[in-house]
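# Structural description and commentary
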Amino acid sequence: MSAGEYDRYDRIRGVLAEADEPLTAREILALVEECDECDGIDSPHRVATVLGRRAERGEVEVIAGQPYRYRLET
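Values in this document were obtained by computation on a predicted structure and should not be read as measured data.

## Focus: the confidence of the model for the protein chain
Chain-level statistics for the protein chain give a pLDDT mean of 87 and a share of 86% at 70 or above. The lowest-confidence element of the protein chain is helix α1 (residues 3–18), averaging 82 in pLDDT; the highest-confidence one is strand β2 (residues 69–72), averaging 97.

Quick look at the structure:
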């Protein structure tokens, strides 16, 4: 895993950790964009890609639906 991918996931994970409910990739992106230092996350697709990789490892739960929602595994 590259350092850039780790940094992106770390910022996304922070947003999910603070959320009271599962979030869509678009909602996560909106919250990440509030951070002045958060570059490299420029689209909901990028968010979904990062979270999909982490879901394969069991770190993130993907809730199927329209749209998909994401939350940290507990």
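## A short note on the pattern of salt bridges
Enumeration over the complete set of coordinates arrives at 4 salt bridges. Two residues, E27 and R69, come together in a salt bridge whose shortest N-O distance is 3.3 Å. With E27 in helix α2 (residues 25–33) and R69 in strand β2, this pair connects stretches of sequence that are 42 residues apart. The exposure class of E27 is partly exposed, given its relative accessible area of 33%.

## Considering the packing of α2 against helix α3 (residues 44–56)
Two numbers describe how α2 lies on α3: the axes approach to 8 Å, and their chain directions differ by 105°. Our classification of the angle between α2 and α3 gives roughly perpendicular. For the pair α2 and α3, the contacting residues are A25, R26, I28 and L29 in the first and P44, V47, A48 and L51 in the second. Along the lines of polarity and charge, the residues of the contact of α2 with α3 split into 7 nonpolar, no polar and 1 charged.

## So, the environment of R11
Structurally, R11 can be placed in helix α1. When its relative accessible area of 22% is taken as the criterion, R11 is described as partly exposed.

## Some remarks on the side chain of R54
Inspection of the secondary structure assignment puts R54 in helix α3. The class of R54 is buried, set by a relative accessible area of 5%. One polar contact links R54 to E59, side chain to side chain, over a distance of 2.8 Å.

Conventions we followed
Residues numbered from 1 in each chain as written. Predicted model: local features only at pLDDT ≥ 70, side-chain atom pairs only at ≥ 80, totals over all residues. Heavy atoms only, no water. pLDDT = per-residue confidence, 0-100. Helix = DSSP H or I, 4+ residues; strand = E, 2+ residues; numbered from the N terminus. Salt bridge = Lys/Arg side-chain N within 4 Å of Asp/Glu carboxyl O. Buried < 20%, exposed > 50% of the residue type's maximum accessible area, 1.4 Å probe, protein only. Axes fitted to C-alpha atoms, helices over the stretch in contact; angles between N-to-C directions. Parallel < 35°, antiparallel > 145°, perpendicular 65-115°, else oblique. Contact = heavy atoms within 4.5 Å. Nonpolar A, V, L, I, M, F, W, Y, C, P; charged D, E, K, R; others polar. Polar contact = N/O pair within 3.5 Å; in protein donor to acceptor, adjacent residues only side chain to side chain.

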